[in-house]
Structures are given as C-alpha cells and as structure tokens.
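# Summary of structural features
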Amino acid sequence: MSRGLWFVAGAGAGVYAMIRGRRAAEVLTVDGLRDRAHGLAAGARAFREEVAQGAAEAEVDLRARMGLVPHGRPELAAPPSQTTTENPGIETTIETAAAELERGTT
C-alpha cells in the first residue's frame, strides 16, 4: 500500500509541476506579457474612475453640508440691488423683439 501511495503522490506532483511550468512559459511569451499589460491598464483605469467618482461624491456631500450649493439646479439671478426695469430679463427682451417685428420697426 505504501508504494501505491508514493506513486500517486509522485504522479500528482509531476502533473502539478508540468501545469505550473506551462503557465509560467505562457506568461513569458509576447501574447502573455501583452495580456498582463492590458489587464494592468484596465485595473488602473477602473481604480482611477472609482477614485474620481468617490471624490466627486465627497465634494457634493461637503458642499451640501457647508451650504454652498442651493437645492436643485443652480440658476443665474440678478443681484438684489438691481430691479427688473433696470435689467430686463431674456423674456422681456424676446417679447420686445417680437412686438417690434409685428410693427415692422426693426
């Protein structure tokens, strides 16, 4: 029984060494090195995207906690010292231009 056990152990070790040797030889070929480089580049790109996304989320959270961003989409507004008669909005300008076109005074 002892001889059979050692024979199976030796055969298993030989198969294992042969498989590991074949994998190591494939890694050292041009295609194997190219695959490793592409895998490394893809991993670095994924890591960079994750870091950028995390930084953007942290910035949004920090701005919200500090009250630097209004709720919703930011809008442009005239300073409080100016009134709408001094600084007409785009709607007033469009209405004025439409009225002038109807009168033919342009």
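Residues numbered from 1 in each chain as written. Predicted model: local features only at pLDDT ≥ 70, side-chain atom pairs only at ≥ 80, totals over all residues. Heavy atoms only, no water.

Scored by pLDDT, the protein chain has a mean of 81; 75% of the residues are at 70 or more. The element-level mean pLDDT for the protein chain is lowest in helix α3 (residues 90-103), coming to 72, with helix α1 (residues 2-27) highest at 93. (pLDDT = per-residue confidence, 0-100. Helix = DSSP H or I, 4+ residues; strand = E, 2+ residues; numbered from the N terminus.)

The next subject is a nonpolar patch on the surface. On the surface, a cluster of nonpolar side chains totalling about 340 Å² of accessible area is made up of Leu 62, Met 66 and Leu 68. Positionally, Met 66 belongs in helix α2 (residues 30-66). (Patch = residues over 30% accessible without salt bridge, like charges linked within 9 Å, V, L, I, M, F, W, Y side chains within 5 Å. Areas by Shrake-Rupley, 256 points an atom, 1.4 Å probe, with all protein chains shown as cover. Salt bridge = Lys/Arg side-chain N within 4 Å of Asp/Glu carboxyl O.)

Taking 1.5 Å of rise per residue, the 37 residues of α2 would be expected to cover 54 Å, and the 54 Å separating its terminal C-alpha atoms lies within 8% of that figure. Where α2 ends, the next residue or the one after it, Gly 67, has phi of about 75°, a positive value. (Expected span 1.5 Å × (residues − 1).)

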